[in-house]
Amino acid sequence: MSQQILETYVLTGSIKIIERFFDLPLNYDDPNGKKIRIFARNMVPLDKAKTPEEEAKLPYFVYLQGGPGFEVDMTGHTAMATTIHKEGYQTLWLDPRGTGLSTPFSADLVSDKSDEEIFEYLKHFRADNIVRDCEAIRKILLGDKIDEKDRKWTILGQSFGGFCCLTYLSFYPEGLKEVFIAGGIPPLVNSPEIVYGALAKRVLARNDVYYNKYPNDVKRVRDILAYLDKNSVILPNGGKLTPNRFLQLGIAFGSQDGIDTVHQLVLRASNDISLFGKLSQRLLQNVEHDQTLDGNPLYAILHEPIYCQGRASNWSAERILKDYPQHSWNHMKTQDNQSPVCFFGEMIFSDMLDDYIGLRPLKGAAQLLAKFSDWPPLYDEAQLAKNTVKVTAATYYKDMYVDFNLAQITASAVQNMEQYISNQHHHSALRRETELILKKLFQLSKREYD
């Protein structure tokens, strides 16, 4: 395990950037085997570190990205970094393995591999190995510190990053000084069925909000789905826009302004069909832009396995939603025109492997992953029950992606956890209301009680 030569520069606002690359094992059970490159962007506030000696003394605050399968966008996180830096930290922003600059994964980069080879490769891209990467990097950066407390660091997990935090607490608590979680207390389950069963109800509730706000969209959506059902619509990159794929736009319902964003797409599509009898290139570009699975395939093919411990996922969302015909155009087109067709939420379906051009070559490997049951543990509940590391979480009562009730079951099973709970935020609160959420987390972290 090694770190490559570093590149540094300074951003506006006196933030020093250190681009760090690490060569780490693909499989930690075979440390001398195949290596992958892991990237982490180190941000150092120069107003708090005017000399190399002062920089070396600044404690690390590590950000774990949501997903799975998404990298960290530097321009989108600079404001968050500035807020964290004010607390006396330098920050480290990890591109999880398979994303960004961390040996990225996509179909074109494994075109010479068989389905079985891709399947074997991707088994190593869940939270357990993301955490192992973090631990390897921590030892490289801090392992030579004399004082034990200086060899620990603080982590913040957003959404799926919060899942990684509890995996970290389960197996490597000795590396952690403190843990923060935003919208990401994971359910301690062995497979996704319970998760989708809970979230399906929350998705229906958000559909009610949508159609109550935009009642004319009931007919618009039905007309759009009828058009897509009768016509083969090809997106600019070659993907297919089917009724199911259009309904997948509802994943935005769980984010701030997401309902309004979907309405604008519905309004534009309806207007196109009325004026031209077809969907315009601009509308198709907008849909393609809002659906990122072609560029982030890990999100699709690992989304259900991130919940699995000794169980197969077997396209869980697809099976659960058979009990919710409101989402099925094949069913709803037989109903009266006043019946709203419900959008999907954060759910992955097997037909995505045909509709998204970036997923088509990965179909065989994705099917193998869905059938695989020998997944290792992601959590140690006995360790979490005796946890001594301070954990502070922001939890959102109406979160459409991370069910509140399941999160509370987990919170009651983790010793030394405190929560800021609110029904005034969406899942995207850390990104959209950065200063407010971080202020709440840092204040609660002080553990000052009346």
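Calculation criteria
Residues numbered from 1 in each chain as written. Predicted model: local features only at pLDDT ≥ 70, side-chain atom pairs only at ≥ 80, totals over all residues. Heavy atoms only, no water. Salt bridge = Lys/Arg side-chain N within 4 Å of Asp/Glu carboxyl O. Helix = DSSP H or I, 4+ residues; strand = E, 2+ residues; numbered from the N terminus. Buried < 20%, exposed > 50% of the residue type's maximum accessible area, 1.4 Å probe, protein only. Pairing = 2+ DSSP bridges.

It is worth spelling out the pattern of salt bridges at this point. Per the counting criterion, the structure on display carries 18 salt bridges. Ionic pairing is found between aspartate 128 and arginine 132, a salt bridge with its closest N-O pair at 4.0 Å. Of this pair, aspartate 128 and arginine 132 both sit in helix H4 (residues 127–142), separated by four residues, roughly a single helical turn. When its relative accessible area of 8% is taken as the criterion, aspartate 128 is described as buried. As a salt-bridge pair, glutamate 193 and arginine 319 come within 2.6 Å of each other at their nearest N and O atoms. Of this pair, glutamate 193 sits in helix H6 (residues 193–213) while arginine 319 sits in helix H12 (residues 316–320), and the two are 126 residues apart along the sequence. With a relative accessible area of 34%, arginine 319 lands in the partly exposed category.

Attention now moves to the pairing of strand S3 (residues 15–25). Of all 11 residues making up S3, nine are buried, and the element is well covered by its neighbours. With five bridges joining them, strand S2 (residues 7–11) and S3 adopt antiparallel strand pairing. Opposite threonine 8, over in S3, you have isoleucine 18 as the bridge partner. Linking S2 back to S3 in an antiparallel pair, the connection comprises three residues, with glycine 13 at a positive phi of about 100 degrees. Note that S3 and strand S4 (residues 35–45) share 11 bridges and pair antiparallel. Considered in S4, the bridge of leucine 24 is made with isoleucine 36.

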